[in-house]
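Residue-level structural notes
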Amino acid sequence: MMACDPLITDPAAFPLRPAYRSENRPGLPRIAYRIGRYGDFVAAMTRAIDSAPELAGWTHRGADDPGIALLEGAAILGDILTFYQEHYANEAYLRTAAWRDSVAELVRLTGYRLAPAIGGRATLAFEARGDKPVTIPRGFAVKADLEERPQPAEFQTDAELDAWPHLGRFHLYRPRRYPLLLEAGTPAFDVVAVGGAANSAALAAFDVKAGDRLMLLPPEPPWTTTGGTVTAQPAPQMVKVKAVTRPLGRLRIELDAPVLRNWIGAVAARRIGRTLRHLGHNAPPKTMESTLNGTTVTGTTERNTSFVRHLGWECNHTDASIGLAPTVLPLDVEMPDLVPGTEVVLQTKVSRDGAAALPATVLRTITGTEARTVGFGNLTAPATLLSLDLPLVVDTSPVEFKSDVRDYRLHEVTSPALALRAVPTARSGPFTPLADRLCFHGTAAQARLLAGRRLYLAHEDGREAELVCTSAPEDFAASPGDPPAMWPLRFDRLPAPFRHADFDEAAPTVTVLGNLVDASQGKAEREAVLGNGDSRQSWQTFALPKSPLTYLLDPAGTPPHAPELSIWVNGRLWTRVDAFFGRGPTETVYIVREDAEGRSLVQFGDGITGARLPSGLDNVAAQYRSGAGARGPVKPGTTPTASERPPGFDKVTLAGIVSGGADAEDGEKARLAAPGKVQSLGRLVSIRDYETETLGVPGVVTAAAAWDLFAGVPALILRVLLEAGREAEFADVRAILAHAQRCRGPDRFPLVVQQALLRYAFADIAYALDPTYRQEDVEAGLRAALGLADAHSEPAAERTGLFGLRARRLGEREYASRIEGRLQNVPGILWCKVTALGLLSAGITKPDEVPLLPAPRPMAQAVPCSPHELLQLAAAHLVLSSVAEPAAGECA
């Protein structure tokens, strides 16, 4: 029968759209399973009407025709049905499934279960008040607001801690180094010992103030005690104190005038009080004597006054009215307050055998005093005779040591012996194995608590490190009274990334937290009764009242995480297992699994593989913790809060960031990892098996394994890239892989796990815009094609973009030609060309803070990267320039 419309000559096949009839070739991201849309159905049915002779009279095609309305209704239904049909077809395959639930169900068919959310781990630092430690019990609850989490994360300490007040927050210092030379011109020095005691208590007890005078004393020359030739003695120097400071147990003296000459080593000094003179120093130079005739004065004679004083024997050659023993020194005034035991500095000039007199300064001690009136020449006055412990010169040879009483100066000493050194210097630059010490200032008892203790060091600019003090308690021997001192500390590694200048005594920039304790995420929930056991039922299953259940990384487990859960049945603790396979009918075991909504389900056996629950009323109970996924730093301006405040508790802070926390495994990751797990059957055999095993660890972005030489030995090098901010978790990743190598791998060769890093490139791209497109839309498409789309609005770009974090492989280089080829497919692009391409420096962790090189930038046809680097392009280093489309000849 012929169609009523002679213009319709095709067979009116359905679907009409050629794309619907095409084969679904391999590699497509989606299955094209939909046979038509609303318009297709309407068109097909209309054509069928037109081609049916019996309906030749039905020519009205308006919406007011009941038949057409019915037809359009059927087309709507067909549109809906085909939409879901195609959607469900895609959800039936692992590669095309988009829903997490679909992926979870599909991979479960292979025995692969999506990893649950993992609880984060934190290091908490406690501070206390007073002078006694505060005991922080195990399970102490702390809540913190984290940058990456909308809700506060709850933590509990994993161990008990004695929080000492002095270790809550303190500073470490670089070691002091005293120069050997106190140089001329130095305006200050340190007092390093008082009375022979070099501890801080002795220095603190020494009362010195501005205006005091100190005398720097040279060593006493040997000829004053053993005789011999008089040689020149270095001159002493009297200095005046300008200011006194006491930094960290030291005593620093600033002078009103600098030191005049160089002094080597520790300089002896005394504080000086009064300065006195020798009796007769002011006697008239001429002495008038009466001429007597018997007892009658007949005249007067004049002679020179003798100021000479012999030092080796009792001198009667002066004009003193008494003989002057070598150890006797008559003062020109009465000094009743000078008492035996007082030290004096004696200065004069000494000559030997008539040679030129040379200055001499010695230190002596008063052994006795006598007040009497003494004459010298025509001068008679009350005086004090001092007896000294030693003469000025011990003359044992038949030579003549002489001095002039007018040259004598006697300085009263008002302090114990002082030892002075130049102001100490400190190291600068980075730490090295030969300079790896830092010092703690405190008592020996306080320092002893640092032995074996973890310390968290934080700089104001964000640098941080966690060290362990490896010093032993016996390294901190206390002196009497246990005064504060500088105690050098050893650590398990160099204090990098810090430098010596960060530990300056005057302005330290690194804060040290010493009361550290590990904590894990999770809130201990009240014990929950899950329900009644029924021995008649197989696979009894109960849901935990609150989710998510806390899982923590367990490097020794398979899979490497374990829930914080205990199940009690009739008061007995049952054992959690990963699967019932291989379990006996009497084994009291259970499994835990999560459903699509994240609820945790506890399931028991069927009496064949795993025991059934015994019958009882409310005899199944659970103790568990809830909360997972915490990671990252605390929100700016916030601090963790504690649920309770024991006596002496001050505050708690987060040392570093929360690490290890991860959300439940997403479908995209499972889509990659599950096939590999199936192929390996849980064993590590091929290189691909190692990569798949690594991808299953929370926080791992990508991994690449390869055979290579390591320290001259063939080894499997496994390079692992972690998400940003998860560097602290690398040790856990390494432990997990080591465990897998031992228990499920060949373990016949070294497995070297190395941390991979990001390496940033820059690119300048010129493009010609199709004027029918909006420029902002085209540039957004360019960024998405390069993997720079916003991760929240377009998460797929991270896996499909050219520089997408999860789209690249470690060590993969990039070419300018490939960039151009990818961008030319962006809608609205007529032409594009890479005009600059290159690498930025290695080690960049905050690319947005790194400025671009000034234009014109270098152009490389390819940018390589090492096997442990992943090439990345940050938005700040991409320059898009819209240009006019060049002529065809220019593009050739």
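Now for a look at the structure at hand. (Residues numbered from 1 in each chain as written. Predicted model: local features only at pLDDT ≥ 70, side-chain atom pairs only at ≥ 80, totals over all residues. Heavy atoms only, no water.)

Notes on the overall build of the protein chain
Broken down by element type, the protein chain carries 14 helices and 51 strands. Judged by the C-alpha coordinates and their principal axes, the protein chain covers about 185 × 85 × 60 Å. Within the protein chain, the proportion of its 892 residues that are buried is 45%. Sequence separation of 24 or more characterises 71% of the internal contacts of the protein chain that already satisfy a separation of 6 or more. (Helix = DSSP H or I, 4+ residues; strand = E, 2+ residues; numbered from the N terminus. Buried < 20%, exposed > 50% of the residue type's maximum accessible area, 1.4 Å probe, protein only. Contact = heavy atoms within 4.5 Å.)

A word on the packing of aromatic side chains
Applying the stated rule across the entire model yields 16 aromatic pairs. Ring centres of Trp707 and Phe749 lie 4.8 Å apart, and the angle between their planes is 65°; on these two criteria the pair is classed as edge-to-face. Of the two residues, Trp707 is situated in strand β44 (residues 700-710) and Phe749 in the loop between α10 (730-744) and β46 (751-755); the sequence distance between them amounts to 42 residues. Residue Trp707 is classed as partly exposed on the basis of its relative accessible area, which comes to 47%. In this structure Phe749 comes out as buried when scored by relative accessible area, which is 17%. A network of ring pairs unites the aromatic residues Phe542, Trp574, Tyr590 and Phe604 as a single cluster. (Phe/Tyr/Trp six-rings, centres within 6.5 Å; stacked < 30°, edge-to-face > 60°.)

Here we look at the environment of Ile765
Tracing the backbone through its elements, the reader meets Ile765 in strand β47 (residues 757-769). Take Ile765: its relative accessible area is 2%, and that puts it in the buried class. Separated by 70 residues in the primary sequence, Ile765 and Thr835 have C-alpha atoms spaced 5.7 Å apart. Leaving out residues up to four positions away in the same chain, Ile765 has contacts with Leu786, Ile819, Leu823, Lys833, Val834, Thr835, Leu878, Val879, Leu880 and Ser881.

Overview of the nonpolar core
Of all hydrophobic cores here, the largest spans 40 residues; its most connected members are Leu565, Ile567, Phe604 and Val720. For this core, the element with the highest residue contribution is α10, accounting for 5 residues. What Ile567 contacts, discounting residues up to four positions off in sequence, is Leu530, Arg572, Leu573, Trp574, Tyr590, Val602, Phe604, Val620, Ala621 and Ala622. Judged by nonpolar contacts, the second largest core, of 25 residues, contains Ala763, Val778, Cys832 and Cys865. (Core = buried A, V, L, I, M, F, W, Y, C linked by side-chain atoms within 4.5 Å.)

A word on a nonpolar patch on the surface
A cluster of nonpolar side chains, Tyr38, Ile76, Ile80, Phe83, Tyr84, Tyr88 and Trp99, forms an exposed patch at the surface whose accessible area comes to about 700 Å². Per-element tally for the nonpolar patch: the top contributor is helix α3 (residues 66-91), with 5 residues. Exposure remark for Ile80: the relative accessible area of 43% places this residue in the partly exposed category. (Patch = residues over 30% accessible without salt bridge, like charges linked within 9 Å, V, L, I, M, F, W, Y side chains within 5 Å. Areas by Shrake-Rupley, 256 points an atom, 1.4 Å probe, with all protein chains shown as cover. Salt bridge = Lys/Arg side-chain N within 4 Å of Asp/Glu carboxyl O.)

Here's the deal with the sheet that holds strand β38 (residues 575-576)
Pairing is mixed across the open sheet formed by 4 strands, whose spatial order is β33-β40-β39-β38. Two strands in the sheet have a free side with no partner beyond their single neighbour: β33 (541-543) and β38. Bridging between strand β39 (residues 589-594) and strand β40 (residues 600-604) involves 5 bridges; their strand directions are antiparallel. For Ile591, the partnering residue across the bridge sits in β40 and is Gln603. (Pairing = 2+ DSSP bridges.)

A short note on the sheet that holds strand β26 (residues 454-459)
If you trace the 3 strands from one edge of the open sheet to the other, you get β27-β26-β29, paired in antiparallel fashion. Each of the sheet's edge strands pairs with one partner strand only, and the pair in question is β27 (464-468) and β29 (510-513). Here the average twist between neighbouring strands, direction ignored, is 25°. As defined by bridge partners, β26 adjoins β27 across 5 bridges and the pair is classed as antiparallel. (Axes fitted to C-alpha atoms, helices over the stretch in contact; angles between N-to-C directions.)

Overview of the packing of helix α2 (residues 38-51) against α3
Closest axis-to-axis distance for the α2/α3 pair is 8 Å, and the angle between their directions is 135°. Comparing their axes, α3 and α2 come out oblique. Between α2 and α3 lies a crossing of right-handed hand. On α3, the residues touching Tyr38, Phe41, Val42, Met45, Thr46 and Ile49 of α2 are Leu71, Glu72, Ala74, Ala75, Ile76, Gly78, Asp79 and Thr82. The residue inventory of the contact of α2 with α3, partitioned by class, reads 9 nonpolar, 3 polar and 2 charged. (Parallel < 35°, antiparallel > 145°, perpendicular 65-115°, else oblique. Left-handed = near helix turned anticlockwise from the far one by under 90°. Nonpolar A, V, L, I, M, F, W, Y, C, P; charged D, E, K, R; others polar.)

A few points about unusual backbone geometry
Residue Pro497 is reached from Ala496 by a cis peptide bond, and omega for that bond is 10°. With respect to the secondary-structure elements, Pro497 resides in the loop between β28 (485-489) and β29. Omega for the bond connecting Ser547 with Pro548 falls within 30 degrees of zero, at 0°, which places this linkage in the cis form. Residue position: Pro548 is located in the loop between β33 and β34 (551-553). One non-glycine residue, Asp618, lies in the positive phi region at around 50°. Note on placement: Asp618 falls in strand β41 (residues 616-626). A positive phi angle, near 55°, is found at Asp747, a position not held by glycine. As for its placement among the helices and strands, Asp747 is situated in the loop between α10 and β46.

Topic: the pairing of strand β45 (residues 713-722)
For β45, a buried count of 8 out of 10 residues is recorded, marking the element as mostly surrounded by other parts of the structure. Two strands pair when backbone bridges link them, and β44 and β45 are joined in this way by 10 bridges, in the antiparallel orientation. Paired with Phe710 across the strands is Val713, a residue of β45. In terms of strand pairing, β45 meets β46 through 5 bridges, oriented parallel. Looking across to β46, one finds that Val720 is bridged to Gln755.

Points about the pairing of strand β36 (residues 565-569)
Going residue by residue along β36, you find Leu565, Ile567 and Val569 tucked away on one face and Ser566 and Trp568 left uncovered on the opposite face. Here β36 pairs with β41 via 5 bridges, running antiparallel. Considered in β41, the bridge of Ser566 is made with Gln623. Taken together, the 2 bridges between β36 and strand β37 (residues 572-573) define a ladder with antiparallel strand orientation.

Regarding the packing of helix α9 (residues 687-695) against α10
A pair of packed helices is characterised by two quantities: the angle between their axes and the separation of those axes. Running from N to C, α9 and α10 cross one another at 130°; their axes reach a closest spacing of 11 Å. Compared by their axis directions, α9 and α10 come out oblique. Handedness of the α9/α10 crossing: right-handed. For the pair α9 and α10, the contacting residues are Tyr690, Glu693 and Thr694 in the first and Leu737, Ala740, Gln741 and Arg744 in the second.

Some words on the environment of Pro497
By relative accessible area, which is 42% here, Pro497 ends up partly exposed. Excluding its chain neighbours within four sequence positions, the residues that come into contact with Pro497 are Arg463, Glu464 and Ala465.

Remarks on the pattern of salt bridges
This model, assessed by the stated rule, comprises 47 salt bridges. Lys402 is paired through a salt bridge with Glu400; the nearest N and O atoms lie 3.9 Å apart. For Arg583, the salt bridge is made with Glu587, and the minimal N-O distance between the two is 3.3 Å. When its relative accessible area of 31% is taken as the criterion, Arg583 is described as partly exposed. Given a relative accessible area of 29%, Glu587 falls into the partly exposed group. Among the charged side chains, a salt-bridge network with shared partners connects Arg176, Asp190, Arg250, Arg252 and Glu505.

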